[in-house]
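Structural overview for review
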Amino acid sequence: MIYLDNAATSYPKAPGVAAAMVNALTQAGGNPGRSGHAMAVAAQGVVDATRRRLAALLGAPDPARIAFTCNATDAINQALFGLLRPSERVITSRMEHNALARPLAELAGRGVAVDSVAAAPDGSIDLDDLARALRVSPARLVAMAHASNVTGCILPAREVAQLAHRHGALLLLDAAQTAGVLPLDVAEMEIDLLALTGHKGLLGPPGTGALYVASGIKLTPSRFGGTGIQSEDEQMPEELPERLEAGTLNSVGLAGLGAALRFLSERGVAAVRAHEMALTGRLLAGLKDIPGLCIHGIADPVRQVATVSISLRGWEPIDLAAVLDSSFGIAVRAGLHCAPAAHRTLGTFPSGTVRLSAGCFTTEDEIEQTLRALDQLAQTPT
Ligand SMILES: Cc1ncc(COP(=O)(O)O)c(C=O)c1O
């Protein structure tokens, strides 16, 4: 199989992830932060180590400001519902994943003003449009994806953060498609809130994610319950990360994520980025030579991650993905990719696109094979 569905979830996972998870179950099977016996302490040690490694990867000065969540969706929900109040305003874009768009729609129903800036037909967001939206009336938050899961287009996050700050707004960055794939430094990039998921570019297991909360920002918890500290208090503790971590953590998943983070720190995210950029460059160049094939997006390996959306004349995306799988063993995703607004922007609604997403372990030869398969299918429309 040639796996080009890393934007959905990465495969394979980093070396050491499965072993770390087995080890957590068999050797560190206590409840982290709850008891004082050796296995509970071992479980806490695993969680703490993963938090420290994630803080190092993100350039977060204080690991305690990273709360573990189930995934990026969970982290985004915590950030939005924990921050925004009725009558406050949030600015988003018309390229967002439902993980951001749906909680915002729910908040709009509860009295939060939600405005979306349009994107260009290639999916890129014009910062002048964002600046105009920020000038119209005060906003509490700008909430956008760091990279589109449809086109791969990268948002200039630091510029967006600085623009937001100039107008008194915070930035929530949805880094579901960039954590582990692009070098990140939340301090240098001036990011206020960053949501990520463990199972994509971080090469960890599903069921893991995190929310980074910059110093000085206080969120209302979106879940309430046991934290293992200050049990005598009726209210959730003030301290992070416990304030945002009600209930038992996924210590097994976090052990796997910790192993993945170790792998990434050894390989270096910059090296992963260089590899994926080279693959994307070759893929885009080859795709441009295939007759009847349209690339939806900016088609620029420097300004996008390794996610490329295409359509092929004479093929419905769903059929093209099915034949790539059944006849060539190439795993891709077809459809709207949970981002309907993005397809309205790109003009690919409602059929969507076929999305090819290379990853850390994709090889050049796999890209060449994929190009040959698409070239062959371009000669034989259904
Ligand atoms: C841009 C973006 N945001 C958020 C998510 C949600 O990630 P998860 O399903 O891990 O919560 C995804 C997943 O595809 C995504 O691509």
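Cut-offs used in this document
- Residues numbered from 1 in each chain as written.
- Predicted model: local features only at pLDDT ≥ 70, side-chain atom pairs only at ≥ 80, totals over all residues.
- Heavy atoms only, no water.
- Pairing = 2+ DSSP bridges.
- Helix = DSSP H or I, 4+ residues; strand = E, 2+ residues; numbered from the N terminus.
- Axes fitted to C-alpha atoms, helices over the stretch in contact; angles between N-to-C directions.
- Contact = heavy atoms within 4.5 Å.
- Left-handed = near helix turned anticlockwise from the far one by under 90°.
- Core = buried A, V, L, I, M, F, W, Y, C linked by side-chain atoms within 4.5 Å.
- Buried < 20%, exposed > 50% of the residue type's maximum accessible area, 1.4 Å probe, protein only.
- Domains from an automatic or database assignment.
- Buried area = accessible area lost by both parts, 1.4 Å probe.
- Salt bridge = Lys/Arg side-chain N within 4 Å of Asp/Glu carboxyl O.
- Near = heavy atom within 4 Å.
- Polar contact = N/O pair within 3.5 Å; in protein donor to acceptor, adjacent residues only side chain to side chain.
- Areas by Shrake-Rupley, 256 points an atom, 1.4 Å probe, with all protein chains shown as cover.
- Nonpolar A, V, L, I, M, F, W, Y, C, P; charged D, E, K, R; others polar.
- Right-handed = clockwise from strand over helix to strand, strands pointing away.
- Phe/Tyr/Trp six-rings, centres within 6.5 Å; stacked < 30°, edge-to-face > 60°.
- Lys NZ or Arg CZ within 6 Å of the ring centre and 35° of its normal.

**Looking at the sheet that holds strand S3 (residues 89–93)**
Pairing is mixed across the open sheet formed by seven strands, whose spatial order is S2-S8-S7-S6-S5-S3-S4. The open sheet has two edge strands, strand S2 (66–69) and strand S4 (113–117), and neither has a second partner. Within the sheet, the average angular offset between the axes of one strand and its neighbour, ignoring direction, is 20°. By the bridge criterion, four bridges tie S2 to strand S8 (residues 209–213) in an arrangement that is antiparallel. Considered in S8, the bridge of Ala67 is made with Leu211. Sheet strands in contact with helix H5 (residues 127–136) are S3, S4 and strand S5 (141–145), and its direction is about 165° off that of S3.

**A short note on the packing of helix H1 (residues 17–27) against helix H8 (residues 251–267)**
One can describe the packing of H1 onto H8 by two numbers: an axis separation of 8 Å at closest approach and a directional angle of 145°. The two elements H1 and H8 meet at a crossing, and its hand is right-handed. On H8, the residues that touch Val17, Ala20, Met21, Ala24 and Leu25 of H1 are Ser251, Val252, Gly253, Ala255, Gly256, Ala259 and Ala260.

**A closer look at the nonpolar core**
Grouped together as the largest cluster of nonpolar side chains are 85 residues, with contacts concentrated most on Leu54, Leu58, Leu80, Leu141, Val142, Leu172 and Leu194. Among the elements that take part in this core, H8 stands out by supplying seven residues, more than any other. Shared between two domains, this core holds at least three residues of each, these being domain 1 (2–11 + 268–378) and domain 2 (17–267). Apart from residues lying up to four places away in sequence, Val142 is in contact with Ile91, Leu130, Leu134, Val160, Ala164, Ala169, Leu170, Leu171 and Leu172. With 31 residues, the next largest nonpolar core counts Leu287, Val354, Ile367 and Leu371 among its residues.

**Digging into the domain arrangement of the chain**
Each domain of the chain was delimited in the assignment, giving domain 1 (2–11 + 268–378) and domain 2 (17–267). Using only C-alpha atoms to locate each centre, domain 1 and domain 2 end up separated by 27 Å. The partner domain 2 presents 34 residues to the 36 residues of domain 1 that form the contact. For the pairing of domain 1 and domain 2, the buried interface totals around 2,600 Å² over both sides, and the portion due to carbon and sulfur atoms is 59%. When the area that domain 1 buries against domain 2 is broken down by residue, the three leading residues are Val269, Val305 and Thr345, summing to 20%. On the surface where domain 1 and domain 2 come into contact, there are zero salt bridges.

**Side note on the environment of Ile66**
Structurally, Ile66 is set in strand S2. In this structure Ile66 comes out as buried when scored by relative accessible area, which is 0%. Separated by 129 residues in sequence, Ile66 and Ala195 have C-alpha atoms that sit 9.7 Å apart. Apart from the residues within four sequence positions on either side, Ile66 is in contact with Arg51, Leu54, Ala55, Leu58, Ala60, Ala210, Leu211, Tyr212, Pro241 and Glu245.

**Focus on the site of the ligand**
Taken together, Asn71, Ala72, Thr73, His97, Ala99, Asn149, Asp174, Ala176, Gln177, Thr197, His199 and Lys200 make up the full set of residues adjacent to the ligand. Between His97 and the ligand, the recorded distance is 3.3 Å, taken from a side-chain N or O atom to an oxygen atom. For the ligand, a nitrogen atom lies 2.6 Å from a polar atom in the side chain of Asp174. Here the ligand loses 90% of its free accessible area of 390 Å² to cover by the protein chains. Here the residues of the shell around the ligand sort into three nonpolar, seven polar and two charged.

**What to know about the side chain of His199**
Within the secondary structure, His199 sits in the loop between strand S7 (193–197) and S8. Note on His199: relative accessible area 14%, which makes it buried. A polar contact is formed between the side chain of His199 and the side chain of Thr9, at a distance of 2.7 Å. With residues up to four places along the chain from it excluded, the contact list for His199 reads Ala8, Thr9, Ser10, Lys13, Gly204, Pro205, Pro206 and Thr208.

**Description of the pairing of S4**
Bridge count between S3 and S4: five bridges; the pairing is parallel. Looking at S4, one finds that Thr92 is bridged to Ser116. Crossover connection from S3 via helix H4 (residues 98–109) to parallel S4: handedness right-handed.

**Things to note about the packing of aromatic side chains**
Inspection of every chain in the model, using the stated rule, returns two aromatic pairs. For the pair Phe263 and Phe361, a centre-to-centre distance of 5.7 Å together with 45° between the ring planes defines the contact as tilted. A residue pair is termed long-range when its members are at least 10 positions apart, and Phe263 in helix H8 and Phe361 in the loop between strand S13 (353–357) and helix H12 (364–378) qualify at 98 residues. When its relative accessible area of 27% is taken as the criterion, Phe361 is described as partly exposed. The cationic tip of Arg344 hangs over the ring face of Phe349; the distance from NZ or CZ to the ring centre is 3.9 Å.

**Remarks on unusual backbone geometry**
For the peptide bond that leads from Tyr11 to Pro12, omega is -5°, which places it in the cis range. Topologically, Pro12 is positioned in the loop between strand S1 (2–3) and H1. Across the junction of Phe349 and Pro350, the peptide omega takes the value 10°, indicating a cis bond. Looking at the secondary structure, you find Pro350 in the loop between helix H11 (340–346) and S13. Although it is not a glycine, Ala299 sits at a positive phi angle of roughly 50°. Within the secondary structure, Ala299 is located in the loop between strand S9 (293–296) and strand S10 (307–312). Phi angles above zero are rare outside glycine, and Cys338 is one such case at about 60°. On the secondary structure map, Cys338 appears in the loop between strand S12 (333–335) and H11.

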